[in-house]
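Below are the chains, spelled out letter by letter.
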Amino acid sequence: MNAWLPGLGAAGGPAGPSVHHQPCPGACTGFVFICPGRFEAQRGYPCAAGTGANLARALQQLHARDPRRFPQPHRHGYVVTNAWPQVEYPALTGRSVPTVEEVLTEANLQRLATELTGLRWVVACGAQAHEALRALLARGWLAAQVAYARHLSQRAINTLPGASDTHGRIALWCDAVLQQFAAPAEKEHENMA
């Protein structure tokens, strides 16, 4: 058994996490980040180091506020993947993110669609993730509802106005995600009235 993700990696069972993708059979919600970087390459799973710490903080709040969409307070209950599967960081590739054109290649989008199959809700974190999810929706390759959010890197979180510390900024990030998921439900309710 893979100790990092219970129930994954057993002989004949689903594959465990890779540097770019954390599968979670039966999950209803997933997160798409931009690409794995240096810390993900070192640790062997997606969304590591500071970004992973901020994801953990966000999941605590999201689970407390919307347990239907976020049924677990920890990352093991979610698909976590990337819009681009290749490791990118300046010392290795001379850059920290892929181009939008690379992310939007047909083969890459097919890979991402497969990794997101069966999800009802997806949070896209960062510009390239936003573009990839919009492309999947436009092609009809994704049936999930999508919330478009800022990346969860500390650098991106620190630019959120309206709070003076990480906890407050993560709360604002969660507000934006939850408002996007609530908006279609409100429209649906209005249409039924």
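Just so you know, these numbers come straight off a predicted model, no measurement behind them.

Each value, and the rule that gives it
Residues numbered from 1 in each chain as written. Predicted model: local features only at pLDDT ≥ 70, side-chain atom pairs only at ≥ 80, totals over all residues. Heavy atoms only, no water. Helix = DSSP H or I, 4+ residues; strand = E, 2+ residues; numbered from the N terminus. Buried < 20%, exposed > 50% of the residue type's maximum accessible area, 1.4 Å probe, protein only. Contact = heavy atoms within 4.5 Å. Polar contact = N/O pair within 3.5 Å; in protein donor to acceptor, adjacent residues only side chain to side chain. Phe/Tyr/Trp six-rings, centres within 6.5 Å; stacked < 30°, edge-to-face > 60°. Pairing = 2+ DSSP bridges. Axes fitted to C-alpha atoms, helices over the stretch in contact; angles between N-to-C directions.

**Q** Account for the environment of Leu136, naming residues and giving values.
**A** If you trace the backbone, Leu136 turns up in helix H6 (residues 127-139). What makes Leu136 buried here is its relative accessible area of 0%. Taking the C-alpha atoms as reference, Leu136 lies 10.0 Å from Glu106; in sequence the two are 30 residues apart. With residues up to four places along the chain from it excluded, the contact list for Leu136 reads Leu109, Leu112, Ala113, Leu116, Trp141 and Leu142.

**Q** Before we move on, could you go through the environment of Asp66 and cite the residues and values that matter?
**A** Inspection of the secondary structure puts Asp66 in the loop between helix H2 (49-65) and strand S2 (79-82). For Asp66, a relative accessible area of 11% translates into the label buried. There is a polar contact of 2.9 Å between the side chain of Asp66 and the side chain of Arg69.

**Q** Which residues make up the packing of aromatic side chains, and what values go with them?
**A** As enumerated under the stated definition, the model contains four aromatic pairs in all. Here the aromatic rings of Phe70 and Tyr78 are separated by 6.3 Å at their centres, their planes lie at 40 degrees, and the arrangement is tilted. Like Tyr78, Phe70 is buried. A ring pair is formed by Phe70 and Phe181, whose centres lie 6.2 Å apart and whose planes are at 45 degrees; its orientation type is tilted. Of this pair, Phe70 sits in the loop between H2 and S2 while Phe181 sits in helix H8 (residues 166-192), placing them 111 residues apart in sequence. For the pair formed by Phe70 and Phe181, the shared burial category is buried. One aromatic cluster in this structure is built from Phe31, Phe70, Tyr78 and Phe181.

**Q** Quick one: what's the story with the environment of Ser153, residue by residue and with numbers?
**A** Structurally, Ser153 can be placed in the loop between strand S4 (145-149) and helix H7 (154-157). With residues near it in sequence (within four places) discarded, Ser153 still touches Thr51 and Asn54.

**Q** Would you mind going over the sheet that holds S4 in detail, with residue names and values included?
**A** Pairing is parallel in the open sheet, where four strands are placed in the order S2-S1-S3-S4. Only two strands of the sheet have a single neighbouring strand rather than two, namely S2 and S4. Pairwise comparison of adjacent strand axes, ignoring direction, gives a mean angle of 20 degrees for this sheet. On the sheet, helix H5 (residues 106-115) packs against strand S1 (29-33) and S2 and is oriented at approximately 170 degrees with respect to S2. The sheet contacts of H6 involve S1, strand S3 (121-125) and S4, and relative to S4 the element is tilted by about 160 degrees.

**Q** I'd like to hear about the pairing of S4, residue by residue, with values.
**A** Bridging between S3 and S4 involves five bridges; their strand directions are parallel. Across the sheet, the residue bridging to Val123 is Ala147, located in S4.

**Q** Tell me about H5, and name the residues and values.
**A** All buried positions along H5 are accounted for by Asn108, Leu109, Arg111, Leu112, Ala113 and Glu115. Contacts made by the buried residues of H5 are with S1, S2, helix H4 (100-103) and H6.

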